[in-house]
Amino acid sequence: MFRHVTLPLLGPTIRISVFLSVIGSIQLFDMVWVLTGGGPIHASETMAVTMYQFGFRRFEVGYASAISIIMFLLSLVFALFYQRYVLRRDTEGALTTMGDQR
């Protein structure tokens, strides 16, 4: 019953949750910064932490902006790919036409 009824009904929710989690992990900054500050020898450093350190600690704003553009492009490419191939299944049944009801 779980495999044939519950899990298919939870499918759209699970897909949206995965999408938001991946986009959030690309942009993760606050938790890493508060807990480790990038960690010992940059072990837990993310792209957002690297961007912050280059922009506000080393004052290499051009390099920090290049990192932000790369983060944006990664997020955009992932979002377009995910929307095209994974989320399309959720919106196909939701589209209706008004031509027959006039």
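Look a little higher up for the structure.
Residues numbered from 1 in each chain as written. Predicted model: local features only at pLDDT ≥ 70, side-chain atom pairs only at ≥ 80, totals over all residues. Heavy atoms only, no water.

Caption draft 1: Representation of the side chain of Gln-53 within the structure. In this fold, Gln-53 is placed in helix α3 (residues 47-57). Sequence-distant contacts of Gln-53, defined by excluding residues within four places in its chain, comprise Trp-33, Gly-37, His-42, Glu-45 and Arg-58. (Helix = DSSP H or I, 4+ residues; strand = E, 2+ residues; numbered from the N terminus. Contact = heavy atoms within 4.5 Å.)

Caption draft 2: Spatial organisation of unusual backbone geometry. The phi dihedral of Ile-41 is positive, around 55 degrees, even though this residue is not glycine. In this fold, Ile-41 is placed in the loop between α2 (30-35) and α3. Despite not being glycine, His-42 shows a phi value in the positive range, around 60 degrees. If you trace the backbone, His-42 turns up in the loop between α2 and α3.

Caption draft 3: Region of interest: the packing of aromatic side chains. Applying the stated criterion across every chain yields a total of 9 aromatic pairs. Aromatic pair Tyr-52 and Phe-56: ring centres 5.3 Å apart, planes at 45 degrees, arrangement tilted. In this pair, Tyr-52 and Phe-56 are both assigned in helix α3, 4 residues apart and thus about one turn of the helix distant. Relative accessible area serves as the criterion here: at 28%, Tyr-52 is assigned to the partly exposed category. Judged by its relative accessible area of 58%, Phe-56 falls in the exposed class. Between Phe-81 and Tyr-85, the aromatic rings sit 5.1 Å apart at their centres with planes inclined by 50 degrees, giving tilted as the arrangement. Of this pair, Phe-81 and Tyr-85 both sit in helix α4 (residues 61-85), 4 residues apart, which is roughly one turn of the helix. A residue is classified by how much of its surface remains accessible, and Phe-81, at 47% relative accessible area, is partly exposed. Against the face of Phe-54 rests Arg-58, its NZ or CZ located 4.3 Å from the ring centre. One residue, Arg-84, lies across the ring of Tyr-85, its end atom 6.0 Å from the ring centre. (Phe/Tyr/Trp six-rings, centres within 6.5 Å; stacked < 30°, edge-to-face > 60°. Buried < 20%, exposed > 50% of the residue type's maximum accessible area, 1.4 Å probe, protein only. Lys NZ or Arg CZ within 6 Å of the ring centre and 35° of its normal.)

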